[in-house]
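Results of the structural survey
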Amino acid sequence: MSKTAPYGTWESPIDGKTVVAQTILFDDVIVDPITQKIYSLEESPSDGRCVIMWLHDNTSTPVLPSPYSARTLVQEYGGAPAIVHNNIIYFSYYTGNASDPNNSIYTIDVQDEKQVVTRVTPVNKLWRYANFAIHPTQTNLLVTLREDHTDDPDGKNPKGVVNTICLVDTSKPDDNPTVIIDGAGFYATPVLNPSCNKIAWQEWDLPWMPWQGSSIYVADVDPATLILKPESKVLVEGDSKNGTKSATFPRWITDTTLAYTTDAAQDNQFQNPYIYDTEAKKSTAIVKKDQDFAEPAWYLGYYPFAILGDGKYGAFTAFQDGRNILYIIDFTTPSAPVQITPFDYTVAQHVRMVTEDTFVFTASQATAPGGVIKGTVSSDKSSVTFEVLKASAAPPDPRYISEPVPKTLPGSSGHPIYVVYYPPYNKDYSGSSIPEELPPCILNVHGGPTGLEPQALNWTKMFYTSRGFGWLDVNYRGSSGYGRVYAELLRGHWGEYDNQDCKEASVSLAAEGTIDGDRVAIRGGSAGAYTALSAVTFALDPESTYPKSACAAYGCVADVVTLAEAAEKFEIEYVNTLLGGTPDTWSPRNPIDHADKMTKPLLMLQGLVDGVVPPKIVRGFLIQSVQVAPSQEFAFYPNEAHHWHLEPTILDALARESRWYLTTLL
């Protein structure tokens, strides 16, 4: 028999151990082009490593011995730390210890039962590597991004960091890598064509982020040495200087044709797929739709498509209504893309070819586990059969899983506000024991801010909804997945439009009787933490009950001036483009300058080795606000960076945040 109890107090079997133990976080999936073996890169909260697992025969086998971890801090966020070729895995090793990071490239032969790990680059903790490409026949030649911190050893001179594309001879581990491409501020995705006589890559310069302004180039290389031939560099697409358009994710179809995505078309400005012909030096749209076929590249390696059928067609992901969809697109004849339905995976990333008609990707679903998924395309290219190679979790008990409800709300700005609401749900309860009670709501603000909150099964969200809280994700103006124009709306207005949209979303759901508008807590991490802190400082409306409390869950951006001064190279100008003007004009939207307006309870959680948001920012805000905040708690976590990796941290942060809402929201 179902029970009743006040919202927010329901008993639930979902606890901290569920959040940690029942979810595998897949950082990547890589495929051996020779053996077709598939490997997953997985977070290991018990020891903070990123482990590599061979997926085979409905099981998985670890191939990377402790203490090694496949992780990189290139651009601080990392990504693409490993590649595999003919049973040899090449990986960047980050120890997790900021004072002794290692950062070298290592190899391991997966057939070696002794699991011997071999260093193949010089010992230099100031050099970071990622995004590898291997020569198919001279396998001792490895193309890689290198981020050189020689002139920025302590993080105080980020513009002194030098990013290049280098060539590593893995047979000479003590020889310095050879720089083959340099001169731009940043590089990503170097890819060799099948004959190894051409290379393509993405580059961009400050002040832009890669989704704001970036370019793709191709150049001829010597097949034997991979050294660029003089005067052969050609612009494919993009604008890395002025930030008017971006081009991303180059991938060779044949020796002379290259697929990529760009928002360059002025008639729609969505990231659409194109093909570039190196002989004709001309690009042609594969598809033109008001949908993004790529997401902002915060992390390296987020390929949204795979080339299949010996270059005759491809599997492409795109965004629709805040989630991923899948197309099969024929390159050989003009035809409409085939949308694959059903496609239950709301998030699909790291798309890689396995064989001519199969591909793999990392995936999430809304109410079921995701994992590493293999897709097999039918002979007529009209359907795809999916197989779970490794699930991210055991099948959940549906009695405690809240289904997402996407909504498009009208905004007072004239632009829509995209939200996803998760209602309280627990089969053991029929509702509240308090007559006419509406559920309290946790309003979550995603990071970025150029990002998107996915409609993926998230045990933290289920932890709260199964206890009787509503959960509201807001994809405010500036979010990705809705085209360049929508994402650009936040430029110059960070702290304004995001706060306005979050508040209006809360008011709209309260007006329709979905949530209790007087019991809304705003929370977020990183850029989301900035919006949460803004909501209780300079954006606070003293006449409103919104929000009742707040939580800065990680990466607490409390001082945008200090953030800009302390930013790593990747984001050093990002804050300027988001806020507009110069730092001396930011005070009206700087939380620390308005800490004396704090009238709402606040919880702050912060990693002590966060290279994106230095802990001193949080300490400064706490000093300023401690005298006026009606209730304030905080916690600092050693050995944690911008996102949590260690199980004790994840458990403690969840326990603190849940107690916080019980105390300040109910």
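Being a predicted model, the structure only gives us computed values, none of them experimental.

Looking at the overall build of the protein
Each helix and strand counted, the protein has nine helices and 38 strands in total. By the compact-globule yardstick of 26 Å for 666 residues, the protein fits well, its C-alpha radius of gyration being 24 Å. When its C-alpha atoms are laid out on the principal axes, the protein stretches across 75 × 55 × 55 Å. Across the 666 residues that make up the protein, the buried fraction comes to 61%. Nonlocal contacts in the protein, meaning residues at least 24 apart in sequence, comprise 60% of its contacts between residues at least 6 apart. Surface summary for the protein: the accessible area is close to 24,800 Å², and the carbon and sulfur share equals 50%.

Description of the sheet that holds strand E12 (residues 162-169)
Pairing is antiparallel in the open sheet, where four strands are placed in the order E10-E11-E12-E13. The sheet is open, and its two edges are formed by strand E10 (127-134) and strand E13 (178-181), each paired on a single side. With strand direction ignored, the average angle separating the axes of adjacent strands in the sheet is 40°. Sheet analysis places E10 next to strand E11 (residues 141-148), joined by six bridges and oriented antiparallel. Residue pairing for E11: Ile134 is matched across the bridge by Leu142.

A word on the side chain of Arg146
One can find Arg146 in strand E11. Buried and without a salt bridge, Arg146 has Asp148 as its closest oppositely charged side chain, separated by 4.4 Å. Not counting chain neighbours up to four residues away, the residues in contact with Arg146 comprise Trp127, Arg128, Tyr129, Val162, Asn163, Thr164, Cys166, Pro177 and Val179.

Things to note about helix H5 (residues 527-535)
Counting buried positions along H5 yields nine of nine residues, so the element is predominantly enclosed. The set of residues buried in H5 consists of Ala527, Gly528, Ala529, Tyr530, Thr531, Ala532, Leu533, Ser534 and Ala535.

Here we look at the nonpolar core
Within the largest apolar cluster, 82 residues are counted, with the highest numbers of intra-cluster contacts made by Val143, Ile199, Leu443, Leu472, Val474, Met604 and Phe621. In terms of residue count, the dominant contributor to this core is H5 (six residues). Residues within four places of Ile199 in sequence aside, it is in contact with Val143, Ile180, Ile181, Pro190, Val191, Leu192, Tyr217, Val218, Ala219, Val221, Leu228 and Trp252. Within the second largest apolar cluster, 31 residues are counted, among which are Val191, Ala259, Tyr276 and Ala294.

A word on the pattern of salt bridges
Counting across every chain of the model gives 28 salt bridges. Residues Asp220 and Lys198 are paired through a salt bridge, measuring 2.6 Å at the closest nitrogen-oxygen approach. On the criterion of sequence distance, the pair formed by Asp220 in strand E16 (residues 215-220) and Lys198 in strand E15 (residues 198-204) is long-range, its members being 22 residues apart. Overall, the relative accessible area of 18% leaves Lys198 in the buried class. One salt bridge connects Glu203 with Lys233, and the closest N-O pair in it is separated by 3.5 Å. With Glu203 in strand E15 and Lys233 in the loop between E16 and strand E17 (234-238), this pair connects stretches of sequence that are 30 residues apart. Linked through salt bridges whose partners overlap, the residues forming this network are Glu76, Arg128 and Glu147.

Description of the side chain of Glu573
Of note, Glu573 is situated in the loop between helix H6 (560-566) and helix H7 (574-579). Take Glu573: its relative accessible area is 17%, and that puts it in the buried class. Of the polar contacts made by the side chain of Glu573, one reaches the side chain of Lys159; its length is 3.1 Å. Excluding anything up to four places from it in sequence, Glu573 contacts Lys159, Leu206 and Pro207.

As for unusual backbone geometry
Here Gly448 and Pro449 are connected by a cis peptide whose omega angle stands at 5°. With respect to the secondary-structure elements, Pro449 resides in the loop between strand E33 (441-445) and helix H2 (459-465). Even without a glycine there, the phi angle at Glu231 is positive, about 60°. Mapping Glu231 onto the fold places it in the loop between E16 and E17. Since its relative accessible area comes to 82%, Glu231 is described here as exposed. You will see that Asp321, though not glycine, has its phi angle at about 55°, which is positive. For Asp321, the location among the structural elements is in the loop between strand E23 (313-320) and strand E24 (323-330).

What about the environment of Ser240?
Looking at the element boundaries, Ser240 is found in the loop between E17 and strand E18 (247-252). Of the residues examined, Ser240 reaches a relative accessible area of 3% and is grouped as buried. Between the C-alpha atoms of Ser240 and Pro207, which are 33 residues apart in sequence, the distance is 9.4 Å. Contact partners of Ser240, with chain neighbours within four places excluded, come to Glu203, Trp204, Asp205, Trp208, Gly213, Ser214 and Ser215.

A short note on the sheet that holds E17
Pairing in this open sheet of four strands is antiparallel, and the strands run E14-E15-E16-E17 from one edge to the other. Here the strands that pair on one side only, and so sit at the sheet edges, are strand E14 (186-192) and E17. The average angle at which neighbouring strand axes cross in this sheet is 20°, direction not considered. Across six bridges, E15 lies against E16 in antiparallel orientation. Residue pairing in the sheet places Gln202 in a bridge with Ile216 of E16.

Observations regarding the packing of aromatic side chains
A full pass over the atoms with the stated rule returns 44 aromatic pairs. With centroids separated by 5.5 Å and ring planes inclined at 45°, the aromatic side chains of Tyr7 and Trp10 adopt a geometry described as tilted. Take Tyr7 and Trp10: they sit in the same class, and that class is buried. Taken together, a centroid distance of 5.6 Å and an interplanar angle of 20° make the contact between Phe293 and Tyr327 stacked. Highlighted residues: Phe293 in the loop between strand E21 (282-285) and strand E22 (305-308) and Tyr327 in strand E24, separated in sequence by 34 residues.

Scoring rules and cut-offs
Residues numbered from 1 in each chain as written. Predicted model: local features only at pLDDT ≥ 70, side-chain atom pairs only at ≥ 80, totals over all residues. Heavy atoms only, no water. Helix = DSSP H or I, 4+ residues; strand = E, 2+ residues; numbered from the N terminus. Rg over C-alpha atoms; globule rule 2.2 N^0.38 Å. Buried < 20%, exposed > 50% of the residue type's maximum accessible area, 1.4 Å probe, protein only. Contact = heavy atoms within 4.5 Å. Areas by Shrake-Rupley, 256 points an atom, 1.4 Å probe, with all protein chains shown as cover. Pairing = 2+ DSSP bridges. Axes fitted to C-alpha atoms, helices over the stretch in contact; angles between N-to-C directions. Lys, Arg positive; Asp, Glu negative; His and termini not counted. Salt bridge = Lys/Arg side-chain N within 4 Å of Asp/Glu carboxyl O. Core = buried A, V, L, I, M, F, W, Y, C linked by side-chain atoms within 4.5 Å. Polar contact = N/O pair within 3.5 Å; in protein donor to acceptor, adjacent residues only side chain to side chain. Phe/Tyr/Trp six-rings, centres within 6.5 Å; stacked < 30°, edge-to-face > 60°.

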